[in-house]
Amino acid sequence: MDNDDWSVVIQAHREVAISTFLCLNQLKCLHEAYYTSFIELSGRCSVCSSDLQRLPVALVKSTINAWKKSISNNFPPGPRPLPLIGNLHLINLKRPQKTFVELSKKYGSVFSIQLGMKKMVVLAGYETVKDALVHHGSEFGERAHVPIFEDINNGFVFYRCSFCTWRKMEKNEKIHPSHAGKPFDITEIMNFAVANIIISIVLGHRFDYDHPRLLMVTQLVTENLRLIGSPMVNLYNLFPALYFLPGNHKTVHQNIKDIHSFLRKTFLASRNELKSEEKRNFIEAFLIKEKEEKTNPNSYFHDENLLCVVTSLFTAGTDTTSATLRWGCLLMMKFPDIQRKVQEEIDRVIGLEQPNTVHRKLMPYTDAVLHEVQRFGNILPLGLPRETTVDTNFKGFFIPKGTHIIPLLESVLYDKSQFATPEEFNPQHFLDSDGKFVKNEALMNFGAGRRICIGETLARMELFLFFTSLLQKCTLRLPPGVTHTDFTPAVGFTTPPKPYEICALPRC
């Protein structure tokens, strides 16, 4: 070999050595990141040798399948993955949306990321996300296969039901804090109030705030949404073969069992009390339809699907609305001038009457504030994952059928091309120069296209009624001595504000 050949060989060996070192180093970092989850193995369970023997085989099979699916001459660009862990070493495990936003600045609005052995495509920015979900809705319209969600739903789908009890919520659940202006945490009260709306739709009646069943359901739902966003559950979603390990995914499963146990007892009581065709609540309406279609083997109306639907209603309908309202209260304390303008509009339009949804069109400033709360709060920053239904050519890239899609909602709600000051809380984002409300299509917090949230109408009603009722009766203030407001969201699948205390001063 001449000198040039030796130089090539030496350079190749050097690159291999560097890559090996980096891989080992990143594996070490990943191990440290998940250490608290894995350390529970010592003393909490005993893992049989057969499980450990099967684990490498499962990992190898997953690796081969991932690489087969990702082989494409024109797959979206992204960072180079490492063996086994993919790009996990690059990810902020508590706030992955922050990592994805930064990667979009380097790789563009359509880029790929590999988590473990799973290739995913991230869509960033309003124009790209809208194009995919609205203009290419059928191609990007499938639900993503996420192990923890499939376990929760037992493989059944959320039937797209419709029912007419939404309007009854105009007689909204009232929040009248009796704390005499003293500091208190509003989280529990808000969770109970919103949960009672869902319960009244599902069961046809409400519970007192100290009712043990209401307490159980709200606590389990809140805990699950927090745990679903934890590192151990994310690890389980990427490596389902690790199910045998202890961790938060086991807690999620147990919580779901407890919720289902409560719901099954409720179904049985409703079925026994069902004496006519009158549909007094959602469960009775479902049971009547189930009875009508009992001879249809392909019917959606059966008990297991009812469990899935009601569990989804509780999960999606309680935490998200409560979290948004808590963001609203926190922001009103931080910006008292905005709160004062809302209260002036309430006094002018509603007065001492009970707030009603018909008032919303007459209250452009309040409507704008609520929309800005939803944008700024950004409670579902990663959006709901999708999956391609067919091989797709999108934005000049080839995306194979079955690819996991992340519609990065944070990049939409904070898109500088759509909002003048995206990092600031600014109700003017939804007002024109004359003070009239202006709808902004970039507010996609309920999703878009074929899988837009079916609870959007109810959620918007709840937000308006709760928010106006509260500010009609109370002025919200920071506790004495508190001058700093922390807008750092909590960690979880949804991102409510961190717990805080509030002073609710009765208005004269």
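Calculation rules
Residues numbered from 1 in each chain as written. Predicted model: local features only at pLDDT ≥ 70, side-chain atom pairs only at ≥ 80, totals over all residues. Heavy atoms only, no water. Axes fitted to C-alpha atoms, helices over the stretch in contact; angles between N-to-C directions. Helix = DSSP H or I, 4+ residues; strand = E, 2+ residues; numbered from the N terminus. Parallel < 35°, antiparallel > 145°, perpendicular 65-115°, else oblique. Contact = heavy atoms within 4.5 Å. Nonpolar A, V, L, I, M, F, W, Y, C, P; charged D, E, K, R; others polar. Core = buried A, V, L, I, M, F, W, Y, C linked by side-chain atoms within 4.5 Å. Buried < 20%, exposed > 50% of the residue type's maximum accessible area, 1.4 Å probe, protein only. UniProt positions renumbered as here; feature names shortened; annotations may be inferred. Pairing = 2+ DSSP bridges. Phe/Tyr/Trp six-rings, centres within 6.5 Å; stacked < 30°, edge-to-face > 60°.

Let us look at the packing of helix H13 (residues 303-334) against helix H15 (residues 364-377). One can describe the packing of H13 onto H15 by two numbers: an axis separation of 9 Å at closest approach and a directional angle of 105 degrees. Between H13 and H15, the angle falls in the class roughly perpendicular. Residues Thr-324, Trp-327, Gly-328, Leu-331 and Met-332 of H13 touch H15, and the partners they reach there are Val-369, Val-373, Gln-374, Phe-376 and Gly-377. Here the contact of H13 with H15 is composed, by residue class, of six nonpolar, four polar and no charged.

The subject of this paragraph is the nonpolar core. With 101 residues, the main nonpolar core has Leu-123, Met-332, Val-369 and Leu-476 as its most contacted residues. For this core, the leading source of residues is H13, giving 14 residues. When residues no more than four places from it in sequence are discounted, the contact partners of Leu-123 are Ser-109, Val-110, Thr-128, Val-129, Ala-132, Phe-140, Phe-394, Ile-405, Ile-406, Pro-407, Leu-408 and Ser-411. In this structure, Val-122, Met-232, Leu-238 and Phe-244 belong to the second largest nonpolar core, which totals 24 residues.

A few words now on the UniProt feature "binding site: heme" (unreviewed entry) in the chain. Following the UniProt record, the feature "binding site: heme" (unreviewed entry) maps to Cys-453 here. Residue placement: Cys-453 occurs in the loop between helix H16 (409-413) and helix H17 (456-473). By relative accessible area, which is 34% here, Cys-453 ends up partly exposed.

This paragraph deals with the sheet that holds strand S5 (residues 386-387). Pairing is mixed in the open sheet, where five strands are placed in the order S1-S2-S8-S5-S3. Either end of the sheet is taken by a strand with one partner, and the two such strands are strand S1 (110-115) and strand S3 (142-143). Both S1 and strand S2 (residues 118-123) contribute to a ladder of six bridges, which runs antiparallel. Looking at S2, one finds that Val-110 is bridged to Leu-123.

Looking now at the packing of aromatic side chains. Counting across every chain of the model gives 11 aromatic pairs. Seen in terms of ring centroids, Phe-140 and Phe-394 are 5.1 Å apart; in terms of plane orientation they differ by 70 degrees. Their pairing is edge-to-face. In this pair, Phe-140 is assigned in the loop between helix H6 (126-135) and S3 and Phe-394 in strand S6 (residues 392-394), connecting sequence segments 254 residues apart. The pair formed by Phe-140 and Phe-394 is uniform in burial state, with each residue classed as buried. Between Phe-286 and Phe-301, the aromatic rings sit 5.0 Å apart at their centres with planes inclined by 55 degrees, giving tilted as the arrangement. Separated by 15 residues along the polypeptide, Phe-286 in helix H12 (residues 282-292) and Phe-301 in the loop between H12 and H13 bring together distant segments of the chain. By the ring-pair criterion, three or more aromatic residues cluster together here, those being Trp-327, Phe-335, Phe-376, Phe-425 and Phe-487.

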